[in-house]
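Residue-level structure breakdown
Residue strings, one per chain:
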Amino acid sequence: MRMLARHALWEAALALLRTFGLSTRRALLAGALALAGCGEGWAEAPADEMIVVAGQSNALGYRLSGADLPPRSYEPDPRVQIWTGRSFATMEPGRNTGAPANPQCWGPEVAYARAWLADHPKGTLHVVKYARGSTGLAASADRDWAPESGELFAETTAAVRAARRALPQPAPVSAILWIQGEQDAAAPETAQAYAGNL
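Residues numbered from 1 in each chain as written. Predicted model: local features only at pLDDT ≥ 70, side-chain atom pairs only at ≥ 80, totals over all residues. Heavy atoms only, no water.

**Overview of the overall build of the protein chain**
Of regular secondary structure, the protein chain possesses seven helices and seven strands. Ordering the α and β elements of the protein chain from the N terminus gives α-β-β-β-α-β-β-α-β-α-β-α-α-α. Taking all 198 residues of the protein chain together, 46% fall into the buried category. The contacts of the protein chain with a sequence gap of at least 6 include a subset with a gap of at least 24, amounting to 66%. (Helix = DSSP H or I, 4+ residues; strand = E, 2+ residues; numbered from the N terminus. Buried < 20%, exposed > 50% of the residue type's maximum accessible area, 1.4 Å probe, protein only. Contact = heavy atoms within 4.5 Å.)

Rendered as structure tokens:
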């Protein structure tokens, strides 16, 4: 049973990657699962990469601000760019890493960027973040991530496509950080349907 569930999650991750038209080496669905090795055989990682951070409030970093960053945990670096909705800008945690209503929020993109910079002496990491608090994966009357709803999944897909078009050279999406599930865990029926919905 566990192997079947793993296979279903793997297929869901690949479907997400195909939806975004991604050429990738690895994909992470953080919180729910972590997948690696999605393109074995690459001699080296591409110079420029893109990651997508999506989900609900923990992906957003709700209630966090620049004051919550550990000392010397991350210094803004022009090699890490975040999508503003119109263009890329140097990522500055606590200033431009949240949602439009909460730009001071920051989440997993900070630790990811720090590790990426340490592992990549050249190139640029492009971050596309689309996270909204109190949102479920299952289709509902409220805004949700179900692709058939045409809401958050569609908006995230549009943001990724716009960000990719803004680059002079397309950067492959190397990871999707998916941090969501608390909303679905609140009810037994949506909790049990989570793997299938993913």
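**Section: the side chain of Gln-180**
Within the secondary structure, Gln-180 sits in the loop between strand E7 (173–179) and helix H5 (182–185). A relative accessible area of 9% means that Gln-180 is categorised as buried. Of the polar contacts made by the side chain of Gln-180, one reaches the side chain of Gln-56; its length is 3.0 Å. When near neighbours in sequence (up to four residues on either side) are disregarded, Gln-180 contacts Gly-55, Gln-56, Thr-135, Gly-136, Leu-137, Trp-145 and Tyr-194. (Polar contact = N/O pair within 3.5 Å; in protein donor to acceptor, adjacent residues only side chain to side chain.)

**Thoughts on the packing of aromatic side chains**
Under the criterion given, the structure shown has two aromatic pairs. One cation-aromatic arrangement involves Arg-132 over Tyr-130; the distance from NZ or CZ to the ring centre is 4.1 Å. (Phe/Tyr/Trp six-rings, centres within 6.5 Å; stacked < 30°, edge-to-face > 60°. Lys NZ or Arg CZ within 6 Å of the ring centre and 35° of its normal.)

**Things to note about the sheet that holds strand E3 (residues 49–55)**
Here we have five strands laid out as an open sheet, ordered E5-E4-E6-E3-E7, and mixed in their pairing. Only two strands of the sheet have a single partner each, and these edge strands are strand E5 (88–90) and E7. When the angles between neighbouring strand axes are averaged without regard to direction, this sheet yields 25 degrees. Sheet topology places strand E4 (residues 80–83) next to E5; three bridges connect them, and they run antiparallel. Of the residues in E5, the one forming a bridge with Ile-82 is Ala-89. This element, helix H3 (residues 109–119), spans E3, E4, strand E6 (125–131) and E7 of the sheet and lies at about 170 degrees to E6. (Pairing = 2+ DSSP bridges. Axes fitted to C-alpha atoms, helices over the stretch in contact; angles between N-to-C directions.)

**Quick look at the nonpolar core**
Counting 23 residues, the largest nonpolar core has Ile-51, Tyr-74, Val-80, Met-91, Tyr-112, Leu-125 and Val-127 as the members making the most contacts within it. Contributions of two or more residues to this core are made by E3, helix H2 (57–60), E4, H3, E6 and E7. Tallying contributions element by element places H3 first for this core, with five residues. What Met-91 contacts, discounting residues up to four positions off in sequence, is Tyr-74, Pro-76, Val-80, Gln-81, Ile-82, Asn-96, Thr-97, Glu-109, Val-110, Ala-113 and Val-127. (Core = buried A, V, L, I, M, F, W, Y, C linked by side-chain atoms within 4.5 Å.)

**What to know about H3**
All buried positions along H3 are accounted for by Glu-109, Val-110, Tyr-112, Ala-113, Trp-116 and Leu-117. The buried residues of H3 occupy an angular sector of 160 degrees when projected down its axis, which confines them to one face. Seen from the open side of H3, the exposed residues pointing more than 90 degrees away from its buried face are Ala-111, Ala-118 and Asp-119. (Arc of directions from axis to C-beta.)

**Digging into the pairing of E6**
Of all seven residues that make up E6, seven are buried, and the element is covered over most of its length. Relative to E6, E3 runs parallel, the two sharing seven bridges. Its bridge partner lying in E6, Ala-54 is registered against Tyr-130.

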